[in-house]
Amino acid sequence: MTSPSQIRMFGAQWCRDCRRTKAQLDELELDYEYIDLEADPAAAKVAEEISGRTRIPVLLYPDGSHQVEPSNADVEAKVRELLLSD
């Protein structure tokens, strides 16, 4: 699998899509860094700089690509791509 903190997820507990995506990453047993925008409001600016948008969740992948509000299928496809390229 991926090494610790290679995937970075910016999200918030009040966000339904964030909770869904976080649960998916947990189910896939991936190591990732979760950046809680409620606990670290300054990180919201970082997420916006990555995505160019103010929507969450934002997932930043080790290959430099990112997804904003991804579906479960989008996350699964990207994770599969990353694992195949290791």
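Further up the page is the structure itself.
**Concerning the overall build of the protein**
Within the protein, the regular secondary structure consists of 3 helices and 4 strands. In the protein, the succession of α and β elements from N to C terminus is β-α-β-α-β-β-α. Here the protein has a C-alpha radius of gyration of 12 Å; the compact-globule value for 86 residues is 12 Å, and the two agree. Seen through its principal axes, the protein has C-alpha atoms that stretch 35 × 25 × 20 Å. Taking all 86 residues of the protein together, the buried fraction comes to 36%. Intrachain contacts of the protein at a sequence separation of at least 6 include 55% that bridge at least 24 residues. Working note: accessible area of the protein is about 5100 Å², and carbon and sulfur atoms make up 47% of it. Taken together, the 10 basic and 17 acidic charged side chains of the protein have centroids lying 6 Å from each other.

**Details of the pattern of salt bridges**
The tally for this structure, following the rule as stated, stands at 7 salt bridges. Here Glu81 ties to Lys78 by a salt bridge, and the two come within 3.0 Å at their closest N and O atoms. Here Lys78 and Glu81 lie together in helix H3 (residues 72–84), a separation of 3 residues that amounts to about one turn. With relative accessibility at 9%, the residue Lys78 sits in the buried group. Beyond isolated ion pairs, a larger network of salt bridges with shared partners links Arg53, Arg55 and Glu69.

Rules of the game
Residues numbered from 1 in each chain as written. Predicted model: local features only at pLDDT ≥ 70, side-chain atom pairs only at ≥ 80, totals over all residues. Heavy atoms only, no water. Helix = DSSP H or I, 4+ residues; strand = E, 2+ residues; numbered from the N terminus. Rg over C-alpha atoms; globule rule 2.2 N^0.38 Å. Buried < 20%, exposed > 50% of the residue type's maximum accessible area, 1.4 Å probe, protein only. Contact = heavy atoms within 4.5 Å. Areas by Shrake-Rupley, 256 points an atom, 1.4 Å probe, with all protein chains shown as cover. Lys, Arg positive; Asp, Glu negative; His and termini not counted. Charge placed at Lys NZ, Arg CZ, Asp CG, Glu CD. Salt bridge = Lys/Arg side-chain N within 4 Å of Asp/Glu carboxyl O.

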